[in-house]
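# A structural walkthrough
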Amino acid sequence: MAAFAERMAPILALWLAVCLSGALAVERVNFKTCDQSAFCKRQRALNPGESPYRALLETMELTNTRLTLQLKNDKNKVRLLLELYRLQGNITRVKINELKPLKPRYEVPDVLIREPPTEPLSLLSQDKNGVVLSLGAESQRVIVSAQPFRLDIMEGREVLLSLNSRGLLAFEHLRLRKDTQTDQEPEDADLDDEAILNEKVEDGMWEETFKSFTDTKPNGPTAIGLDFSLPGVEHVYGIPEHADNLRLKNTDNGDPYRLYNLDVFQYELDNPMALYGSVPVMLAHNIQRTTGIFWLNAAETWVDISSNTAGKTVFGKMLDYVQGSSETPQTDVHWFSESGIIDVFIMLGPTPKDVFSQYASLTGTQAFPPLAALAYHQCRWNYNDQEDVASVDAGFDEHDIPYDFIWLDIEHTDGKRYFTWDTNKFPTPKEMLQRLMDKKRKMVTIVDPHIKVDSSYKIHNEIKSQGFYTKNKDGADYEGWCWPGSAGYPDFSREDMRAWWASMFAYDQYEGTMENLYTWNDMNEPSIFNGPEITMHKDSKHGEWEHRDLHNLYGFYVQRATAEGLIQRSGGVERSFVLTRAFFAGSQRYGAVWTGDNAAEWGHLKMSIPMCLSIGLVGISFCGADVGGFFKSPSSELLVRWYQTGAYQPFFRAHAHLDTPRREPWLFGPENTALIREAVRQRYSLLPYWYQQFYHTYLTGHPVMRPLWVEYPQDPATYALDDEFLIGRDLLVHPVTEEGATGVTAYLPGKEEVWFDVHTFQKHNGGQNLYIPVTMSSIPVFQRGGSIIPRKLRVRRSSTCMEQDPYTVYVALGRQRAAEGELYIDDGHTFNFEKEEFIHRRLSFANNLLSSVNLAPEAHFSTSSIIERIVILGGSKPTKATLKTADGQKSQLEFDFDASTSVLTLRKPGVNAGTDWTVMLQ
């Protein structure tokens, strides 16, 4: 082992040198292009219109819940089994597997929250060319064409989506190598031996080399692929994570989008390269409807996107302009993965919110975070010791800036041994945590999944003794190189391993911890400095499965085990908070994500918006980016603008590399400190609204931070916007992300809407591009007319300190002089809300009557918070304002009216926020 460590030391030194260099960007040569990925090259080389597959209609079996049908490859006679299900909620599921594989192929477990419930399928017609099935609602049906095999989903006369219409279905069957073939083929496999023997053997089918790494492939080529055509669609979104625009680009002239969780530090922008997380979900949208495609496969995946209107000549475009184009736009999407099966869910909307609910019914909704997790987080690699933590904590108080969490990176441990503390720098962690608790503040420590190989380290010894490490191809424990040096990688795909890991977060196991300590999982792609593409060898083993089968699930499992540990340590009472860098479909159930190792550059600030919007569209609402940029040092202007942007994104954390100068908010001069303070305070005053939005996403799966087209799906002007966004339905934010900006142009949607500047209360009509002059203090934010938003204006040092503080209710009147909103209150941290211990009220204004009505009469919870002020935007001056409480008491309210802004302020209603009340304006 010592010799191995000596051999690896230069690699670690090189890695550190690269990481510590602020001037270097991503080393792209460390990561594959499609041409360097054998299966990607094979799939991309397929010619459209040459499908060898036909449906064997005589094999069709139709039960009440599913259709099965064999597909035959006429070139090699290999048969596949097609399964088709109509699922509840307007979802169609299509599965394709080998009919009789040599051995089972990997099917992704644990991502679906349950086996999706089905609805009846019925046969409408059948002939020699195909079959037509009814999907029930709204004349929806599936047409299965026999030769070549093709599947169309229709509504009335409209084709919503087609599978294999371009003939790119490819399913590389399991086989024996030619030089080892025996009689081990299944007896009734119905294979054409001559055809199989004559199949072309290409480079990379049985072994593949990238740089100095050789990937042995004992199962041979196992890739799968399928094309989807979307008539009438020009805009597609999703398939994060990429540092690219929200609207996905045509990939005809470059690499496909890649989904393969990788540690890519200081990543490039405007690039389809794979990053830390992968969610294989795409949304297609046009004026008529929204459709979703969920490709349930955890292996390396690439996605090609093309359009039949892209790349026209100038002459062709001129003809369209003169003659009027009769072409229907269409987007074609080609998915292909290295292994596994085809298991795809087609979510038929028809609205964006229908698709969100459909996807949530499959993979679950965003975990409801503790309220404090929605507040501000202060992080750095690394706060040096307990004295440093105390000094930073005191600095926030001295400069009157609220925060809730302070974070410790890898240097807080004993030699990168997770679940431990450096006893010299953090000798009394409980005392440190208690001091934070006394101020109602919390801490996060990092726990990464690379475990130092050290016989004196309890965690390593227990994992090794129980056989919980991932194995290499030869069956020994897999070892790689990461921050601790030589490290093992627990097999988180094992349920017993995850249960053991969860148990390690118990207070008597993770010594020095308390209930105000939470967890951060980094490097969980997994990151392996001396591995191919800085990750695990694909021929490593998780039980019977290769790592290639489940690579994109590894980080999902790490976060799941950690979240379960934090919940278990409290006896199931307390909600967890866990941040993860790697993620997959379903990761929303376990906590938050961030966009990884960004840089202190204006482009990275701008890119944080489409990156989090894209992640939110596929179920993960709790997203943020390192405020200020992880690498490099921001100018004071960039840092202020990043705080102003981050304050209006779901996860709000400042973070910085250890090689950067310190950048606590008060280190850039009093003027900038004041600007940052104001941005953070705006976040805290809006916490009731943020919390309410997260409660809704927990219930529905609708994103908290959302593109404008989600709320205005019939407005094409919103389809490509990704420099502004909505929080819920009612707040529109257009951050300032250009250096030296003196103005921004925001699009205010909704021709029938009005929008109010939340700072000046000026009213603007919707359906226009509005130029907004800005100064360094400007954060352009607008409240939708017709909405009611509660705030807490008494900002204290942490969110918990504000728990019983009063509310100010902002009523923004729409064109009909009406408005509606909600107020949600619970204890902010336990699962008691599941026992109906909460307050949920409807706030509404109509006919000069403002009322608070209980939305959950069966629920029970009490608060001492009162309504201390009501601000009506777009109001008029009344002669009197009468408050009526639940017990029938009436009183007259004092009020002020500002005629220049049409703002009416009602003072001191003083009613309990959890009770019924009305205010009548006369």
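This is a predicted model, so every value here is computed, not measured.

## Brief notes about the overall build of the protein
- Scanning the protein from N- to C-terminus turns up 16 helices and 52 strands.
- In summary, the protein has a C-alpha radius of gyration of 29 Å against a globular reference of 29 Å for 922 residues, a match within 12%.
- Oriented by its inertia axes, the alpha-carbon framework of the protein measures out at about 90 × 70 × 55 Å.
- When burial is assessed residue by residue, the protein has 62% of its 922 residues classed as buried.
- A fraction of 72% describes how many contacts in the protein between residues 6 or more apart in sequence connect residues 24 or more apart.
- For the protein, the exposed area adds up to about 33,400 Å²; of that, 48% sits on carbon and sulfur atoms.
- For the protein, the separation between the mean place of its 93 positive charges and that of its 121 negative charges on side chains is 4 Å.

## Description of the packing of aromatic side chains
- Considering all chains together, one arrives at 54 aromatic pairs under this definition.
- With a centroid separation of 6.4 Å and an interplanar angle of 0°, the aromatic rings of Trp 381 and Phe 630 are classed as stacked. Separated by 249 residues along the polypeptide, Trp 381 in the loop between strand 21 (376-378) and helix 6 (386-398) and Phe 630 in the loop between strand 32 (623-624) and helix 13 (636-646) bring together distant segments of the chain. Take Trp 381 and Phe 630: they sit in the same class, and that class is buried.
- With a centroid separation of 5.1 Å and 65° between ring planes, the pair formed by Phe 622 and Phe 694 is classed as edge-to-face. Of this pair, Phe 622 sits in the loop between helix 12 (602-617) and strand 32 while Phe 694 sits in helix 15 (residues 687-700), placing them 72 residues apart in sequence. For the pair Phe 622 and Phe 694, one class covers both residues: buried.
- Grouped by ring-pair contacts, the aromatic residues Phe 405, Trp 407, Tyr 518, Trp 520, Phe 577, Trp 594, Phe 622, Phe 651 and Phe 694 constitute a single cluster.
- Its end group placed over the ring of Tyr 518, Arg 569 keeps NZ or CZ at 5.6 Å from the ring centre.
- One Lys or Arg, Arg 653, reaches over the ring of Trp 520 and ends 4.7 Å from the middle of that ring.

## A word on the sheet that holds strand 34 (residues 705-706)
- With respect to topology, six strands assemble into an open sheet ordered 34-35-36-41-38-39, the strand pairing being antiparallel. Two strands lie at the open edges of the sheet, namely strand 34 and strand 39 (763-765), each paired on one side alone.
- The pairing of strand 38 (residues 754-757) with strand 41 (residues 781-784) spans three bridges and is antiparallel. Paired with Phe 756 across the strands is Gln 783, a residue of strand 41.

## A few points about the nonpolar core
- Counting residues in hydrophobic clusters, the biggest one holds 171 residues, and the most contacted among them are Phe 294, Trp 501, Leu 553, Phe 577 and Tyr 643.
- Among the elements that make up this core, the one with the highest residue count is helix 12 (nine residues).
- Membership of the second largest hydrophobic core comes to 49 residues, among which are Leu 67, Leu 161, Leu 259 and Leu 348.

## So, the pattern of salt bridges
- If you walk through the whole model with that rule in mind, you get 58 salt bridges.
- The shortest N-O distance in the salt bridge between Asp 397 and Arg 441 comes to 2.8 Å. Of the two residues, Asp 397 sits in helix 6 while Arg 441 sits in the loop between helix 7 (429-438) and strand 23 (442-446), which places them 44 residues apart along the sequence.
- Owing to a relative accessible area of 31%, Asp 397 belongs among the partly exposed residues under this scheme.
- Where Glu 711 meets Arg 729, a salt bridge forms, and the shortest distance between an N and an O atom there is 4.0 Å. Remark: Arg 729 occurs in the loop between strand 35 (725-727) and strand 36 (731-733) and Glu 711 occurs in helix 16 (residues 708-711); sequence separation between them is 18 residues.
- Residue Arg 729 is classed as partly exposed on the basis of its relative accessible area of 44%.
- Each of Lys 32, Glu 208, Asp 215, Lys 217, Arg 258, Glu 300, Glu 338, Glu 533, Lys 538, Glu 546 and Arg 548 takes part in salt bridges that share partners, so that together they form one network.

## Thoughts on helix 7
- If you check which residues of helix 7 are buried, you get Pro 429, Met 432, Leu 433 and Leu 436. All buried residues of helix 7 fall inside an arc of 95° around its axis, so they share one side.
- Contact partners of the buried residues in helix 7: helix 6, strand 22 (405-408), strand 23 and strand 27 (517-521).
- Positioned one or two residues after helix 7, Lys 440 has a phi angle of 60°, which is positive.

## A closer look at the sheet that holds strand 42 (residues 787-791)
- Spatially, 49-48-52-46-45-44-42-43-47-51-50 is the arrangement adopted by the eleven strands of the open sheet, whose pairing is mixed. Edge positions in the open sheet fall to strand 49 (890-892) and strand 50 (894-898), since each of these has one partner strand only. The mean angle between the axes of side-by-side strands here comes to 20°, regardless of whether they run parallel or antiparallel.
- Together, strand 42, strand 43 (807-812), strand 44 (819-825) and strand 45 (839-846) form the strand contacts of helix 15, whose direction differs from that of strand 44 by roughly 85°.

## Considering the pairing of strand 26 (residues 485-488)
- As paired strands, strand 24 (residues 451-452) and strand 26 are joined by two bridges and run antiparallel to one another. Looking at strand 26, one finds that Ile 451 is bridged to Gly 488.
- Bridge count between strand 25 (residues 479-482) and strand 26: four bridges; the pairing is antiparallel. Counted as the bridge partner of Gly 480 is Ala 487 from strand 26.

## Description of the packing of helix 14 (residues 670-685) against helix 15
- Interhelical geometry of helix 14 versus helix 15 gives an angle of 55° and a closest axis separation of 5 Å. What the angle tells us is that helix 14 and helix 15 run oblique. Only Leu 687, Pro 688 and Trp 690 of helix 15 make contact with helix 14, whose side of the interface consists of Arg 683, Tyr 684 and Ser 685.
- Per-class residue counts for the contact of helix 14 with helix 15 are four nonpolar, one polar and one charged.

## Quick notes on the side chain of Asn 672
- Along the chain, the position of Asn 672 falls in helix 14.
- Assessed through its relative accessible area of 15%, Asn 672 is described here as buried.
- Among all residues touching Asn 672, those that are not within four sequence positions of it are Ser 636 and Val 640.

## Examining the environment of Val 444
- For Val 444, the position within the fold is in strand 23.
- Residue Val 444 is classed as buried on the basis of its relative accessible area, which comes to 0%.
- The sequence separation of Val 444 and Met 154 amounts to 290 residues, and the corresponding C-alpha distance is 50 Å.

## Here we look at helix 15
- If you check helix 15, its first and last C-alpha atoms are 20 Å apart, about what 14 residues at 1.5 Å a residue would give, namely 20 Å.
- Most of helix 15 is tucked away: ten of the 14 residues are buried.
- Taken together, the buried positions of helix 15 are Leu 687, Pro 688, Tyr 689, Trp 690, Tyr 691, Gln 692, Gln 693, Phe 694, Tyr 695 and Thr 697.

## Brief notes about the confidence of the model for the protein
- Per-residue pLDDT for the protein has a mean of 94; in total, 93% of the residues score no lower than 70.
- Note on residues 1-11: pLDDT under 50 across the span, and twelve contacts to partners over four residues away in sequence or across chains.
- A low-confidence stretch, residues 310-324 stays under pLDDT 50, and its non-local contacts, those more than four residues away or across chains, total six contacts.

## Quick word on unusual backbone geometry
- Pro 350 follows Gly 349 through a cis peptide bond whose omega is 15°.
- Within the fold, Pro 350 resides in the loop between strand 20 (342-347) and helix 5 (352-363).
- In this structure, the amide linkage connecting Glu 525 to the following residue, Pro 526, adopts the cis form with an omega of 5°.
- Turning to its location among the elements, Pro 526 is positioned in the loop between strand 27 and strand 28 (541-542).

## What to know about the side chain of Ser 527
- The residue Ser 527 is located in the loop between strand 27 and strand 28 in this model.
- A residue is classified by how much of its surface remains accessible, and Ser 527, at 0% relative accessible area, is buried.

## So, the packing of helix 6 against helix 7
- Remark: helix 6 packs on helix 7, axes separated minimally by 11 Å, with the N-to-C direction vectors making an angle of 5°. Comparing the axis directions of helix 6 and helix 7 gives the class roughly parallel. Of the residues in helix 7, those touching helix 6 at Gln 386, Val 389 and Asp 393 are Pro 429, Met 432, Arg 435 and Leu 436.
- The residue inventory of the contact of helix 6 with helix 7, partitioned by class, reads four nonpolar, one polar and two charged.

## Description of the environment of Val 774
- Tracing the sequence through the fold places Val 774 in the loop between strand 40 (768-773) and strand 41.
- Considering only alpha carbons, one finds Val 774 and Thr 742, 32 residues apart in sequence, at a separation of 5.1 Å.
- In contact with Val 774, not counting residues within four places along its chain, are Arg 641, Val 736, Ala 741, Thr 742, Gly 743, Val 744 and Pro 780.

What counts and what doesn't
Residues numbered from 1 in each chain as written. Predicted model: local features only at pLDDT ≥ 70, side-chain atom pairs only at ≥ 80, totals over all residues. Heavy atoms only, no water. Helix = DSSP H or I, 4+ residues; strand = E, 2+ residues; numbered from the N terminus. Rg over C-alpha atoms; globule rule 2.2 N^0.38 Å. Buried < 20%, exposed > 50% of the residue type's maximum accessible area, 1.4 Å probe, protein only. Contact = heavy atoms within 4.5 Å. Areas by Shrake-Rupley, 256 points an atom, 1.4 Å probe, with all protein chains shown as cover. Lys, Arg positive; Asp, Glu negative; His and termini not counted. Charge placed at Lys NZ, Arg CZ, Asp CG, Glu CD. Phe/Tyr/Trp six-rings, centres within 6.5 Å; stacked < 30°, edge-to-face > 60°. Lys NZ or Arg CZ within 6 Å of the ring centre and 35° of its normal. Pairing = 2+ DSSP bridges. Core = buried A, V, L, I, M, F, W, Y, C linked by side-chain atoms within 4.5 Å. Salt bridge = Lys/Arg side-chain N within 4 Å of Asp/Glu carboxyl O. Arc of directions from axis to C-beta. Axes fitted to C-alpha atoms, helices over the stretch in contact; angles between N-to-C directions. Parallel < 35°, antiparallel > 145°, perpendicular 65-115°, else oblique. Nonpolar A, V, L, I, M, F, W, Y, C, P; charged D, E, K, R; others polar. Expected span 1.5 Å × (residues − 1). pLDDT = per-residue confidence, 0-100.

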